[in-house]
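# Close look at the chain arrangement
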Amino acid sequence: MKGILKYIGVFSATLALLILLLVLSCTIPQKKIYENSRLSAEFMTKNETDFYNPLLSEEKFVIHNYADAIWLSIAYSIDSEHPLKSALEGKYYNEFGDRLYNINFYRDTIEQNKEANTEYYRYWHGTILFLRPLLTKFTYMDIRYMNVLLLTGLCFALIILLQQKLGMRAAVIFAAAIVSVGFYAVPYCIEYVPMFYIMFISSIAVLFLKDKKKIPYLFLITGICSNFFDFLTVETITLCVPLVLHFYELYRKGKIKDFKNSLKYFIKLCTLWLGGYLFTWMSKWLIASIVLKRNVMTNVMESVSQRTVGKVQETPLLKQLINALIYNIRGLFPFNLTQNTTGTVILFLAVLFVLFAVWFLYRKKKLEEVSKVFFIIALIPYLRYLVMSNHSYAHYWFTFRAQISSIMAVLLAVTVNIDKDLLKKEVKLKLLRRNPK
């Protein structure tokens, strides 16, 4: 009971702090962000589109201005005299019956002083906590470049830290996973960056925390922040990447004794992250219902139903489930080299076969217990794709990046079970055969 009360206290304090910071950012007068908002809208409408792709042959480079324009419009439309109410409503201007052309509506909001008429209260939209202060000094384009510098810096910092604390294997595997999910496009879209910031920071924190008893609190806080700042993108990376690194660190320190206890600890951390994520979301609906004096649950439940099993363009549910998996897998390198479903499936199976062959030929006599945990972590993104098949199918061109943790988990699971001595012996034999002298 004492432990539960501590978790409740941490949840309440973290959420209260985030709400306070959000409300404070909403007190900034609109006139303070007018000029940079105008310049941002002007640039977007003249140079880009709602679904902007500077490399038309590379699907993973799609910049989701459709969502960015909504956030920028919400940030601009905030009523600074009623900051809490306005933050909870999340209102922006959009002509009824037409959800496209958000960047044009964003421009009209500023240039024609259009009144916000569309509510988007099912999310916290916590990113406007940073957007509004930044827009007092910078444009949307400036914020993009800042994200390039900061996210790239965090990425390299984590790779260096991994090499120092967990060895070259972990660093190389993480770098390979980052490249495979097309990380280079992430900083250019505000919608994409929150989960990567949280993932990097949480991963670094996992490795730096000396008191491992604080790890569960870290996962709880990570789940809270993930929901508060996310727009339903790749939220699982903030859970799975730190999980992979944490269990690999425990393995290297010889603390993974048996699968049963490891599984219990794994479930505990997942439960805390998921609890933080879900209760933060439900808190938004509860607080919004109280402050706005209306029942927001009807709209929320309709959205939940749509994003799970709702049909995409009248696609049969079974086909939607299958394509939700295949399309997301095709986003990864090297599977993105194929242009059709058959090619993706064949290449995917070929890669799995090679990994299995390497493991089978050079495996240790006894399977490392941590690899079982890694395989479970690897499945989490795919479970998410199936549970939210509508969303994963419709937005595969950014949801595919959740597989960064699957790549890491599978490669670590395979490599920790390879007998190095056996592999070295095989390599020496092959060299001797080629050069008998």
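A brief report on the enclosed structure follows.

Here is what the cut-offs are and how they apply
Residues numbered from 1 in each chain as written. Predicted model: local features only at pLDDT ≥ 70, side-chain atom pairs only at ≥ 80, totals over all residues. Heavy atoms only, no water. Helix = DSSP H or I, 4+ residues; strand = E, 2+ residues; numbered from the N terminus. Buried < 20%, exposed > 50% of the residue type's maximum accessible area, 1.4 Å probe, protein only. Areas by Shrake-Rupley, 256 points an atom, 1.4 Å probe, with all protein chains shown as cover. Lys, Arg positive; Asp, Glu negative; His and termini not counted. Charge placed at Lys NZ, Arg CZ, Asp CG, Glu CD. Patch = residues over 30% accessible without salt bridge, like charges linked within 9 Å, V, L, I, M, F, W, Y side chains within 5 Å. Salt bridge = Lys/Arg side-chain N within 4 Å of Asp/Glu carboxyl O. Contact = heavy atoms within 4.5 Å. Expected span 1.5 Å × (residues − 1). Phe/Tyr/Trp six-rings, centres within 6.5 Å; stacked < 30°, edge-to-face > 60°. Polar contact = N/O pair within 3.5 Å; in protein donor to acceptor, adjacent residues only side chain to side chain. Core = buried A, V, L, I, M, F, W, Y, C linked by side-chain atoms within 4.5 Å. Axes fitted to C-alpha atoms, helices over the stretch in contact; angles between N-to-C directions. Parallel < 35°, antiparallel > 145°, perpendicular 65-115°, else oblique. Left-handed = near helix turned anticlockwise from the far one by under 90°. Nonpolar A, V, L, I, M, F, W, Y, C, P; charged D, E, K, R; others polar. Disulfide = S-S within 2.5 Å.

This part covers the overall build of the protein chain. When helices and strands are counted, the protein chain shows 20 helices and two strands. Summarising its shape, the C-alpha atoms of the protein chain cover approximately 80 × 55 × 45 Å along the three principal directions. Counting every position in the protein chain, which comprises 437 residues, the buried fraction comes to 52%. When the accessible surface of the protein chain is split by element, carbon and sulfur atoms take 65% of a total near 21,100 Å². In the protein chain, 51 side chains carry a positive charge and 30 a negative one; their mean positions are 14 Å apart.

Another aspect to go through is a nonpolar patch on the surface. On the surface, a nonpolar cluster with roughly 450 Å² of combined accessible area is contributed by M1, I4, L5 and I8. Within the secondary structure, I8 sits in helix 1 (residues 2-26).

Turning to the side chain of H125, a few remarks are in order. The residue H125 is located in the loop between helix 5 (102-111) and helix 6 (128-135) in this model. With a relative accessible area of 1%, H125 lands in the buried category. Setting aside its immediate chain neighbours within four residues, H125 contacts L22, W71, I74, G90, Y120, F228 and F231.

Leaving glycine out, the prevailing phi sign among residues is negative, and the prevailing peptide bond configuration is trans. For the bond from F333 to P334, the omega torsion is 15°, close enough to zero to count as cis. Tracing the backbone through its elements, the reader meets P334 in the loop between helix 14 (317-330) and helix 15 (341-362). Of note, N113 is a non-glycine position whose phi angle comes to about 55°, a positive value. According to the relative accessible area criterion, N113 is exposed, its value standing at 61%. Despite not being glycine, L232 shows a phi value in the positive range, around 60°.

This paragraph deals with the pattern of salt bridges. Two side chains carrying opposite charge are able to pair once their charged atoms lie near each other. Considering all chains together, one arrives at eleven salt bridges under this definition. Of the charged contacts in the structure, one is a salt bridge between R38 and E35, with a shortest N-O distance of 2.6 Å. Taken together, the residues span about one helical turn, with R38 and E35 both in helix 2 (residues 30-47) at a distance of three residues. Taking the shortest distance from any N to any O, the salt bridge between R384 and E235 comes out at 2.7 Å. A residue pair is termed long-range when its members are at least 10 positions apart, and R384 in helix 16 (residues 369-387) and E235 in the loop between helix 10 (215-229) and helix 11 (237-252) qualify at 149 residues.

We now examine helix 8 (residues 168-180). Taking 1.5 Å of rise per residue, the 13 residues of helix 8 would be expected to cover 18 Å, and the 18 Å separating its terminal C-alpha atoms lies within 8% of that figure. Residues of helix 8 that are buried make contact with helix 7 (140-165), helix 9 (193-208), helix 11 and helix 19 (404-415).

Time to look at the packing of aromatic side chains. Overall, the coordinates contain 34 aromatic pairs when judged by the stated rule. Note on W281 and W285: the rings are 5.7 Å apart at their centroids and 45° apart in plane angle, and the pair reads as tilted. Taken together, the positions of W281 and W285, both in helix 12 (residues 259-292) and four residues apart, correspond to about one turn of that helix. Here the two residues W281 and W285 agree in accessibility, since each one is buried. Ring geometry for Y382 versus Y385: centroids 5.9 Å apart, planes at 75°, classification edge-to-face. A residue pair is termed a helical-turn pair when its members lie 3 or 4 positions apart in one helix, as Y382 and Y385 do in helix 16 at three residues.

The end-to-end C-alpha distance of helix 12 is 48 Å, a good match for the 50 Å that 34 residues give at a rise of 1.5 Å each. Its side-chain oxygen at 3.2 Å from the backbone nitrogen of K260, D258 defines the N-terminal cap of helix 12.

Here we take up the nonpolar core. Core analysis: the biggest nonpolar cluster contains 133 residues, and F174, F200, F247 and I404 have the highest contact counts within it. Filtering out sequence-adjacent residues up to four positions away, F200 remains in contact with L151, L154, C155, L158, F174, I178 and F183.

The next thing to look at is the environment of N102. Following the sequence through the fold, N102 ends up in helix 5. The class of N102 is buried, set by a relative accessible area of 3%. For the pair N102 and I70, spaced 32 residues apart in the sequence, the C-alpha separation amounts to 6.7 Å. Not counting the four nearest positions on each side in its chain, N102 is found in contact with D50, Y66, A69, I70, Y92 and N94. From its side chain, N102 meets the backbone oxygen of Y66 in a polar contact 3.2 Å long.

Next up on the list: the packing of helix 3 (residues 65-77) against helix 6. Helices that pack against each other are described as a pair by the angle of their axes relative to one another and the distance between those axes. Closest axis-to-axis distance for the helix 3/helix 6 pair is 10 Å, and the angle between their directions is 70°. When the axes of helix 3 and helix 6 are compared, the pair comes out roughly perpendicular. Crossing of helix 3 over helix 6 shows right-handed handedness. Judged by residue contacts, W71, L72, I74 and A75 of helix 3 engage I128, L131, R132 and L135 from helix 6. Among the residues making up the contact of helix 3 with helix 6, the classes are represented as seven nonpolar, no polar and one charged.

In this section: the environment of I103. Positionally, I103 belongs in helix 5. Relative accessible area serves as the criterion here: at 4%, I103 is assigned to the buried category.

The next subject is the state of the cysteines. A complete count under the given rule lists zero disulfides for this structure. With no disulfide partner, C189 has as its closest neighbouring cysteine sulfur the one in C155, 18 Å distant. A residue is classified by how much of its surface remains accessible, and C189, at 0% relative accessible area, is buried. C240 supplies the cysteine sulfur nearest to C270, a cysteine that is in no disulfide, at a spacing of 6.9 Å.

The values reported here are purely geometric and, on their own, carry no functional implication.
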